[in-house]
Each structure stands twice: as C-alpha cells, then as structure tokens.
Amino acid sequence: MISLSSATQPSCLTCGTIKVSKLIIADSCKYGRRVAQTPGRINVEQNLVFGEVAKKMIKDSCHTRRISVLAASTFPVIQPANKLSTYLFRTEKGGHVKVITGLKNDKHRVNLEVSSLHDNDDDVIMSWGIFRSDSSSLIPLESSDSGIFETPFVNKSLNKLSTELEFDASLAPFYVSFLLKSHFGGEKIEIRSHRRTNFCFPVGIRSGSPAPLGLSYSADGSINFALFSRNAESVILCLFDNRSKENPALEIDLDPYVNRSGDIWHASVDSDMNFVSYGYRVRNSGQDKSYEHQVLLDPYAKVIGEKFLGEICKQPTFDWSDDIRPCLPMEKLMVYRLNVMDFTKDPSSKLTNEVEGTFLGVSEKLDHFKNLGVNAILLEPIAPYDKQVGPYFPSHFFSPQNPLTIQSMKEMVKRLHANGIEVLMEVVLTHTSQTASLTKIDRPSYYLSTKNELNCAHPVVQQLILDSLRNWVIEYHIDGFCFINASSMLCGFNGEILSRPPLIEATSFDPILSNTKLIADSFNPFQKSTKEIQFPHWKRWAEMNTEFFRDTRNYLRGETLVSNLATRICGSGDIFLNGRGPAFCFNFVSRNHGLTLVDSVSFSNASELSWNCGEEGATKRKSVLETRLKQIRNYLFILYISLGVPVLNMGDECGQSSGGSVNRSDRKPFNWNALQTGFAIQTTEFISFLSALKIRRSDLLQRWEFLKVENIDWYGTNLSPPNWEDPTTKFLAVSLKVEKEINRDDESVLDGDMFAAFNGGDEAVTATVPPPPADMAWVRLVDTSLPFPGFFSVTGDSIPETMTGAPAYVMASHSCVLLEARRRIDG
C-alpha cells in the first residue's frame, strides 16, 4: 500500500495520461463501501495498475459525477466560497505550491498557484489523480482508464502560474495527488515536494484541527476528528453509515503532511454527510499485522455505540438546571460502595426489566440509602472494560457504554443530589485491558511495560487522564473519585517512585478537579494486594485506609497490639497527621475485592485476616453463631465510632456471602429478600443508629482536625494506662471529652463525654468506668453482647454506680460498649 505522501509514482503518472486545456468530463463512477486496497508499492513494471485497480473497484451503487479542469490565459481567483481551506507546499526546487479549496453551488473548486520554479516555466504541467482510502487505488473517471490526468499551468502574473480544478460535490470526499512536470536544460523533469514525495491535498474533507482531541463540532458546523499517535506510520479514518454496520462506508487515509500536526492526526468533514459512527485503522512499525485491519475506538470518544465505535453526535443534552451539588464537607461523609449492575440486577429488587441492573435502578433504592444514613455512594468502575478480567481492567476512560446509559446515569446523579447524596466513582487510570484501543494506537507512548501499565508520567497520558476526569465532573456532575492502584500513579518512566509525581500534582491544583473529592486507593488489581506507600497529597488527597482494615481485623481476631487499634480509632495520625486530618481518612472493614463482612467471621483466611469464630463455614453451633454476630456488630461499631469517613460495602448489611471465596466473580447480586431476615433487620437498624449517632455527636466523631491531647484519655481495665506493648492485652477503653466551650450550661444539651470500651479477648472483663462530669450520669448506648433489640439504644439505658461514684461495667467476651454522659434529670 502506497503512503499518501507518495500516492502516485512518476512511472505511473506518465502512463495513459491525458493533456487537458479545458475539459468537461462526464463520469459514471461505481464504488462500494470500502475501497479495495492493493498491497505493496507500484514500480515501473506496474504502469497499468491504476487502470486495473479502478476496474476492480466497480461495486454496488452508481453515482453520476462531474469534473471540470480549467486553464486560461487570464485566470480568475476563486470567487467567495464557503469553508475555504488553504494548503501551502514547498517544492524540492525551492518554489512553492499554494492550494485553495472551497465549496460553492455544489461544486468543489480548487485553485492551484505555483511560484517561479526556474527561468523557463511556460510548460509546467500538473500530473494528478484522485483517491480515497488507498493511495494506490485511484478513483476511475470515464475519460481515463488509468485515472491520471495532465493539466497545464498558465501565467497568472510575474513568476506565478495557476490553474483551477472543479469537482461535483457528490464525488467528495477524496484526495488529489499530483506532481509537477517541466523542462529544464533540455530535459524533462518531475518536481515533488521538499520531502521528495508527491503533493497531496484533500477535497471535501479538510485538514481539520489538532485540538481538541476526539470528535468535536466546529463553529461552521463541520465535524473535527483528532487522534494522538506519535509512532503511527499511517492512520485511516473509518466512517460508518446506517447501511454498513460491519464495514466502513468510507475510509480516508490521512495524509501526514496535510492531516498531521506534530503527533496529532486530524481531519474534518461536513456534518451533512450523514455518517453515524467512526473509528481508526492504525499501522505502527513492529505491530502485529492482524491489528492493521482492526477498526479502533477513539480513546477520546464521549459516546460509544455499536461495534464499540465512537458515535458521531454531540453528547446527549440533559437538563441540569435544577441540580444542586450537595458539596458535603469531607468529614460529614458516610459512604456506601456498590456495583451498579449487581445492586438491582436480582429479580428480588422488584424493578421493571428496563430499570433493574441500571443507574436508574440505583436511584429507585433511595429509601435504602436513607435508612442506612448514607449520604454518598461510591460506584465500582463503570467505564467499558474487558468482561474476561473484570471492571478493574478498563478499555476506555470517558464514557459508559451507550447513549441510553449516559442519560440514565445523569438522571441518577440528579435524583441523588436532590436527596442530599453525593456520587463518587472508582476509576482505574493506571492500566488498561489488552482490548483497549490504546494498545494498538501508540503503545510506546502510552505504556510502561507489556502488562498494559500506563505511563502516568508521560504528558500525553496525563492529558488523557485529566481530560477524562474533567468530562465526568462537567458532563455527569460526579462529586469525586477513588483512584484504584493509586501508588502506580506516582511512578516515573523507569518505574521509580517520584517525590512530586506530575499527575498527582496536576490533579491537586486543577481548577475543576481540585474542588472534588480525591481519594487514593493503593489496591493493585494485578497482584490483588495493597502497596503501602507514603502518598503525596498537597493537603487535597484522601486515602482508603488499608491500615484501619488490617488493624481492626487483627484486633478482633486477637492478633495485634491494642496500640494499633487506638491509632485507628483516633483517626490514624501516623498517616494523616502531616498536613491533613481524620477527614482524609476513609475507613473500611470489608472490601469489594475480598471476603464479605459475614464471610470474614465465618472463614479463617490468613491473607484476609479473618477468623471463623470456632468453626469453618456454615454451622448450627449456638456459641459460634453468637460470637459471629457479636463480631459483625463490633466491626460496624469500630467503623462508625472511629474518626474518619466510614465506607460500608454493598451487601454487608444483609449478610451477603460468597461462600468464603475472595474472587469477585463469585459475588452474587444483591438479594433484596435478604433484608427481611432477622439478621438484616437488626444490622440495618444498627447501622442507621450509628449513622445518626455520628451526626449527633459530630463534635467528637466527625472532625476535620484531630482531637486535642487533653480531650482524649486511654485506659486499661482499672483506669490505669493500657499495656500498649503487651501482645496478650485484649482490653482497651477510651474517654472522649467535649470541648469546654461546647459543654454549655444549657440544660437542654444532653450530650457530654463519651466512653468506649473494647474487649477482644475470649473472657469477660470488668471494666472500671471513670466518673462522669459533674451533674451528669453515664447511660449505655451500645453493648454488642446483648440480644436484639437491646444491644443499642437511642435514649440510653442507665447503668448502676458504685458507692464511690465510679461504676464498674462487666463486658462479655468479644464485645464493645459505648457510654455517654448526660445531665441528671431531678424528680
């Protein structure tokens, strides 16, 4: 296949040509949906190939074309026309060729002007042909079997020659490839561009603009296409219409001289050409040849249609006029993580077929979110992905799969916003699936290795990521992002960790993105593990607190120091003290890529830090079941009582189980019937209680800053300091004291200090409780060892005091207790 820059070889241009001074050619041209491609370059022995290829191109449909070629001694400049395009070429002899194309009265008119080439330029001839997708396949015209013409230039003014071509609009789009012939020193010479290639310019398709990337609409109504590929040898724009869904209706081989600016390939077409989708064929050196014929999705496509192609349309309009973003302070968030499809896919959701498993299905379950006290949902990745490996291996970054999904997602966001619920998204921007178009478009620029790891330090990759995130915020009103595999975003070109990773810094100060929630999650989908790293945050990045997950699970299975639990309860100062606070700490006790909450107390798994409470898997032993129930309550209690943002995982509220499997594929859709079980009823009510408590006691439990040292005391069983370094110690208690200025004399204020105790051991413990503040008494809000419904109370239950005024509270094994100081009420 001949490259566009050498579209017609000299030997071919001298074969079967026709010299024309003024000629009107009536042409009945038949062509099909795809122009046949002829492999290899054309040499002297293949002079007649253009004519042969032209004959083979006759296909299904027939169109009448007209072409005019004019040359006159007095040549008029092109009259005013719509959508003029100008191209300027430098010849290998030092002169210039200027080409102006324009459309007027359904005619494409082309004006060519050549500057002085040498002393004798009266006999300069333009030898030319037209083609579309394959530069070795000229479009046949009735007057030339070979498809090649020769047109003389005439003197226009001193040292300038000119000629004009005119084409019927129905023939476009196409390219004109030409070279110049003249005599010099008694010899016939052929003149090409300064790159020693043929001149080439488009008609009916303009060179377009390199910005913005992707598909865009120009002010004149034309459609612009722009694609980055530094290493592409050729790029073919493939356009599809309604009649051809398998093969392109038109393929346009972009000329690197006309349709390339730097590393960006671009072109524009008229919007009235009625194409519905598009893609690209890209050829790279060293690339698997089977990819050359694959039509690839534009990485910047905003709307994805059938056959995984970009839709030629503007993003669907949506009425955001009444949408008000909640803009919740970070410390006020209570998050529910879910998978959009699995959340309402099960028939038990009792939604219609059109809604179940969709974004609208999520918004139909508003009451469930409100019952739990949730004010933010975190969506698992929703961008297109490889179904073989799961949502953490995306194949695109900018959009859901189809236009209908786009509309329903926007409706979901608007409806949740109206109910005070923010929408956060998990995004994977550090790697792609093998099926992603980026792997074929320009692997050396986008990727670090053969594992499809994106080079996040590369400016082009950064632009792609930032543009995609802005698109989600601007078009979908997303409130924040959780970045999966965030530690890989810190890597340089050689995989080294950068102290100031440019992508993280750019996101931190981006005028759009810096006003959203930015959450780093260092879970690595390749290794299915979390990489521990000190994340550079610029006081803007929060983090999924994996240490909270580990220390909480280890404590409840008796495998960690109580000092580790204390660190997590008071906001993980070892991670968030340097320039941040507990509001940047997103705590969780179960993940969507590990054991569910109920499985973490039903199966022992060292890598998951889980304990089966005495028997593996399902059991009927009452003692084991009671311990498991207490442990689940303990997990939830520690999650909500700790400083930071609690993240609840879908299904944990109703005991969703994967049978002990950590594979995501073994997770089942949310079973809404399970919410009617006794376990689900008491668990959802407990979560609702904890959510309300966290809001009511936001002075202690929802803080932007850490508690002051004087406002927190730690105890052992007898009010002595805890044995921080003793691995056998399983008891820990903490007293949270209100600020003096908050503890007003207003008798209507019932909230005072709080006391929480944790017994992770196998034996009961008698805990001494510190005296309450003056004129106040302790009431019990939570004891996870008590039966439902008494294990938590909104009003609070009184506890007995000793004669000295310091009550002692007997805690059962594997239990947690919460007391609150309230004013005494006389009488």
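Looking at an unreviewed UniProt entry, the protein carries the name Glycosyl hydrolase family 13 catalytic domain-containing protein, with the source organism given as Lactuca virosa.

Check the secondary structure of the protein and you find 17 helices and 39 strands. Each of the 827 residues in the protein was classed as buried or not, and the buried ones make up 59%. A sequence separation of at least 24 residues applies to 73% of the contacts in the protein between residues at least 6 apart. If you sum the accessible surface of the protein, you get close to 33,300 Å²; carbon and sulfur atoms cover 51% of it.

If you trace the four strands from one edge of the open sheet to the other, you get 17-16-20-21, paired in antiparallel fashion. On the outer flanks of this sheet lie strand 17 (250–253) and strand 21 (310–311), each paired with one strand and no other. Pairing of strand 16 (residues 232–240) with strand 20 (residues 277–284), which is carried by eight bridges, proceeds in the antiparallel orientation. The partner of leucine 237 across the bridge, within strand 20, is tyrosine 280.

What follows covers the environment of valine 427. Among the secondary structure elements, valine 427 is positioned in strand 24 (residues 422–428). Sequence-wise, valine 427 and isoleucine 382 are 45 residues apart; in three dimensions their C-alpha atoms are separated by 8.1 Å. Look past the residues within four positions of valine 427 in its chain and what remains in contact with it is Leu469, Phe481, Cys482, Phe483 and Ile484.

This part is about the nonpolar core. Of all hydrophobic cores here, the largest spans 115 residues; its most connected members are Phe369, Phe637 and Phe758. Each residue touching phenylalanine 637, except ones within four places of it in the same chain, is listed here: Phe686, Leu690, Ala756, Phe758, Val782, Cys816, Val817 and Leu818. One finds Leu227, Ala267, Tyr280 and Ala301 within the second-largest nonpolar core, a separate group that totals 29 residues.

Attention shifts here to unusual backbone geometry. With omega at 5 degrees, the peptide bond leading from alanine 172 into proline 173 counts as cis. Mapped onto the secondary structure, proline 173 falls in the loop between strand 9 (160–168) and strand 10 (174–184). Note that the residue after alanine 211, namely proline 212, is joined by a cis bond; omega there is 0 degrees. Mapped onto the secondary structure, proline 212 falls in the loop between strand 13 (205–206) and strand 14 (214–217). Phi is positive for cysteine 327, which is not a glycine, with a value near 50 degrees. As for its position among the elements, cysteine 327 is in the loop between strand 21 and strand 22 (335–338). A relative accessible area of 57% places cysteine 327 in the exposed class.

A separate point is the packing of aromatic side chains. A ring pair, where both rings are aromatic, is described by two values, the distance of the centres and the angle of the planes. Using the criterion set out here, one finds 38 aromatic pairs in the structure. Aromatic side chains tryptophan 128 and phenylalanine 167 sit 6.1 Å apart centroid to centroid with 90 degrees between the ring planes, which places their arrangement in the edge-to-face category. Taken as a pair, tryptophan 128 in strand 6 (residues 125–131) and phenylalanine 167 in strand 9 lie far apart in primary sequence, 39 residues in all. We classify tryptophan 128 as buried; its relative accessible area is 1%. According to the relative accessible area criterion, phenylalanine 167 is buried, its value standing at 0%.

Our next topic: the sheet that holds strand 36 (residues 776–783). If you walk across this open sheet you meet the six strands as 32-33-34-39-36-37, and the pairing is antiparallel. Of all the strands in the sheet, just strand 32 (712–715) and strand 37 (792–798) have a single pairing partner and so form its edges. Neighbour to neighbour, the strand axes of the sheet diverge by 25 degrees on average, direction disregarded. Strand direction decides the pairing type here: strand 32 and strand 33 (residues 731–736), joined by four bridges, are antiparallel.

This brings us to the packing of helix 6 (residues 403–418) against helix 9 (residues 459–476). In the contact formed by helix 6 and helix 9, the axes pass within 10 Å of each other and the chain directions differ by 70 degrees. By the criterion of interaxial angle, the relationship of helix 6 to helix 9 is roughly perpendicular. The residues of helix 9 that touch helix 6, namely those facing Ile406, Met409, Lys410 and Val413, are Trp472, Glu475 and Tyr476. Here the residues of the contact of helix 6 with helix 9 sort into five nonpolar, no polar and two charged.

By the criterion of burial, strand 34 (residues 754–759) is predominantly enclosed, with six of the six residues buried. Where burial is concerned, the two faces of strand 34 agree: the one with Met754, Ala756 and Phe758 and the one with Phe755, Ala757 and Asn759 are both buried. Relative to strand 34, strand 33 runs antiparallel, the two being bridged by six bridges. Looking at the pairing, phenylalanine 731 lines up with asparagine 759 of strand 34. Pairing of strand 34 with strand 39 (residues 815–823) involves six bridges; the strand directions are antiparallel. Note on strand 39: the bridge partner recorded for phenylalanine 755 is leucine 819.

This part takes up the pattern of salt bridges. Think of it this way: side chains of opposite charge can pair up when their charged atoms draw near. One pass over the structure, following the stated rule, counts 35 salt bridges. Of the charged contacts in the structure, one is a salt bridge between glutamate 422 and lysine 517, with a shortest N-O distance of 3.0 Å. Highlighted residues: glutamate 422 in strand 24 and lysine 517 in strand 26 (residues 517–521), separated in sequence by 95 residues. Assigned by exposure class, glutamate 422 and lysine 517 land together as buried. The closest approach of N and O atoms between arginine 621 and glutamate 615, which form a salt bridge, is 3.5 Å. Owing to a relative accessible area of 25%, glutamate 615 belongs among the partly exposed residues under this scheme.

Analysis parameters
Residues numbered from 1 in each chain as written. Predicted model: local features only at pLDDT ≥ 70, side-chain atom pairs only at ≥ 80, totals over all residues. Heavy atoms only, no water. Helix = DSSP H or I, 4+ residues; strand = E, 2+ residues; numbered from the N terminus. Buried < 20%, exposed > 50% of the residue type's maximum accessible area, 1.4 Å probe, protein only. Contact = heavy atoms within 4.5 Å. Areas by Shrake-Rupley, 256 points an atom, 1.4 Å probe, with all protein chains shown as cover. Pairing = 2+ DSSP bridges. Core = buried A, V, L, I, M, F, W, Y, C linked by side-chain atoms within 4.5 Å. Phe/Tyr/Trp six-rings, centres within 6.5 Å; stacked < 30°, edge-to-face > 60°. Axes fitted to C-alpha atoms, helices over the stretch in contact; angles between N-to-C directions. Parallel < 35°, antiparallel > 145°, perpendicular 65-115°, else oblique. Nonpolar A, V, L, I, M, F, W, Y, C, P; charged D, E, K, R; others polar. Salt bridge = Lys/Arg side-chain N within 4 Å of Asp/Glu carboxyl O.

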